[in-house]
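Letter by letter, the chains look like this.
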Amino acid sequence: MKKPIIGILGSSAVYDGSERHFVNTSYLNAILKNGGIPMVIPSMSAEEDRRQLLELCGGILFPGGDDVDPHLFGEEPHPLIGNMNESEDLAGIEALRFADEKELPVLGICKGMQLVNVARGGSLYQDLSEFTSGHLLHRRPELRDYPLHTVSIAGDSKLRQILGTGELRVNSIHHQCVKKVGKGLKVTAWAADHVPEAMEDEKGRILLVQWHPELFLERDARMHALFADLIARAREKTIHGTGSPSIY
């Protein structure tokens, strides 16, 4: 069976004085284990080069990362905002426009959910303290695969269809959340404090989750279904000749 290529947007950071562009191994493994071929899309590439890489993809994964630059949704930075990288964010916004143009399936994770929302004209609470002073604990980076809190999933959502449940406990490593919902998107899961935990579009082509399923595969095998769904939809695009070439 043909394996579709899944583009994963790369991140950058400076280690020991050298800038590195990378994707966390956990994302690569999640794609490989569920029948896809991962391909890194470096943000430092020229726009025309990134587009050429995207042309090879049957689907796109928007991974977690640093905070979204608030200037992209018309705000100045909050005192509690973390690291930002505007050029990476702009590359991600371009990638979503490409996905929309080609109608490619999209999976967004943590920052990926937030960036897709901003790319569609939405906005974010730059820190959960802006959302409510009584919010739950949503950030335990030292326990990246711990089931930290419960999310409730809308009954009519594609997410519920994929996971086969209306409630589950998830890991959580974020301090921001969706404020204004972007065009064509809807919130489909919430934590008990009403923080949005998942979104999707009306067709189910775009699926976004605030937790990190790629780090939760050993704890909850249902998380594989999120990646399997992306890959299945990418394969369908390939079969009908509207997506990427595939690898046998």
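For the structure, see preceding data.
Draft legend 1. Local environment of the overall build of the protein chain. Within the protein chain, the secondary structure is distributed over seven helices and 14 strands. Here the C-alpha atoms of the protein chain give a radius of gyration of 17 Å, agreeing with the 18 Å that 2.2 N^0.38 yields for 248 residues. Each of the three principal axes of the protein chain carries a C-alpha extent, and together these read 50 × 45 × 35 Å. Here the protein chain holds 248 residues, and the buried ones make up 54% of them. Sequence-distant contacts, at least 24 apart, represent 68% of the contacts inside the protein chain between residues at least 6 apart. With an accessible surface of roughly 11100 Å², the protein chain has 50% of that area assigned to carbon and sulfur atoms.

Draft legend 2. Quick peek at the packing of helix H2 (residues 47-54) against helix H3 (residues 86-102). Put simply, H2 and H3 touch, their axes get as near as 11 Å, and they point 45° apart. Judged by the inter-axis angle, H2 sits oblique to H3. Every pair of crossing elements has a handedness; the one defined by H2 and H3 is right-handed. Across the interface between the two elements, Glu-47, Arg-50, Arg-51 and Leu-54 from H2 touch Ala-91, Glu-94, Ala-95, Phe-98, Glu-101 and Lys-102 from H3. Of the residues that constitute the contact of H2 with H3, the class distribution is four nonpolar, no polar and six charged.

Draft legend 3. Examining the pairing of strand S12 (residues 196-201) more closely. The element S12 is extensively covered by neighbouring structure, given that six of its six residues are classed as buried. When strand S11 (residues 185-191) meets S12, the two strands line up antiparallel, connected through five bridges. Bridge assignment links Ala-189 to a residue of S12, and that residue is Ala-198. Linkage of S11 to S12, two consecutive antiparallel strands, is achieved through a turn of four residues, within which His-194 is found at a positive phi near 75°.

Draft legend 4. Focus on unusual backbone geometry. Positive phi, normally seen in glycine, also occurs at Glu-103, with a value near 55°. Along the chain, Glu-103 falls in the loop between H3 and strand S6 (106-109). With relative accessibility at 44%, the residue Glu-103 sits in the partly exposed group. Despite not being glycine, Cys-110 has its phi angle at roughly 55°, a positive value.

Draft legend 5. Summary view of the nonpolar core. Counting residues in hydrophobic clusters, the biggest one holds 30 residues, and the most contacted among them are Leu-61, Leu-159, Leu-163 and Trp-211. Where this core is concerned, the elements lending two or more residues are strand S1 (3-9), helix H1 (25-33), S6, strand S8 (149-153), helix H6 (158-163), strand S9 (167-170), strand S13 (206-209) and helix H7 (224-239).

Draft legend 6. Up close: H1. Those residues of H1 that sit buried are Ser-26, Tyr-27, Ala-30 and Ile-31. Axial view of H1: buried residues confined to an arc of 135°, hence all on one face. Seen from the buried face of H1, the exposed residues on the opposite side, beyond 90 degrees, are Thr-25 and Lys-33. Just downstream of H1 lies Gly-35, where phi reads positive at about 95°.

Draft legend 7. Fine view of the pattern of salt bridges. Summed over all chains, the structure comprises 13 salt bridges. When the shortest N-O distance is used, the salt bridge between Arg-50 and Glu-94 registers 2.4 Å. One end of the pair, Arg-50, is in helix H2; the other, Glu-94, is in helix H3, and 44 residues separate them in sequence. Relative accessible area serves as the criterion here: at 9%, Arg-50 is assigned to the buried category. Using a relative accessible area of 23% as the deciding quantity, one classes Glu-94 as partly exposed.

Thresholds applied
- Residues numbered from 1 in each chain as written.
- Predicted model: local features only at pLDDT ≥ 70, side-chain atom pairs only at ≥ 80, totals over all residues.
- Heavy atoms only, no water.
- Helix = DSSP H or I, 4+ residues; strand = E, 2+ residues; numbered from the N terminus.
- Rg over C-alpha atoms; globule rule 2.2 N^0.38 Å.
- Buried < 20%, exposed > 50% of the residue type's maximum accessible area, 1.4 Å probe, protein only.
- Contact = heavy atoms within 4.5 Å.
- Areas by Shrake-Rupley, 256 points an atom, 1.4 Å probe, with all protein chains shown as cover.
- Axes fitted to C-alpha atoms, helices over the stretch in contact; angles between N-to-C directions.
- Parallel < 35°, antiparallel > 145°, perpendicular 65-115°, else oblique.
- Left-handed = near helix turned anticlockwise from the far one by under 90°.
- Nonpolar A, V, L, I, M, F, W, Y, C, P; charged D, E, K, R; others polar.
- Pairing = 2+ DSSP bridges.
- Core = buried A, V, L, I, M, F, W, Y, C linked by side-chain atoms within 4.5 Å.
- Arc of directions from axis to C-beta.
- Salt bridge = Lys/Arg side-chain N within 4 Å of Asp/Glu carboxyl O.

Just geometry here; none of it tells us what the structure is for.
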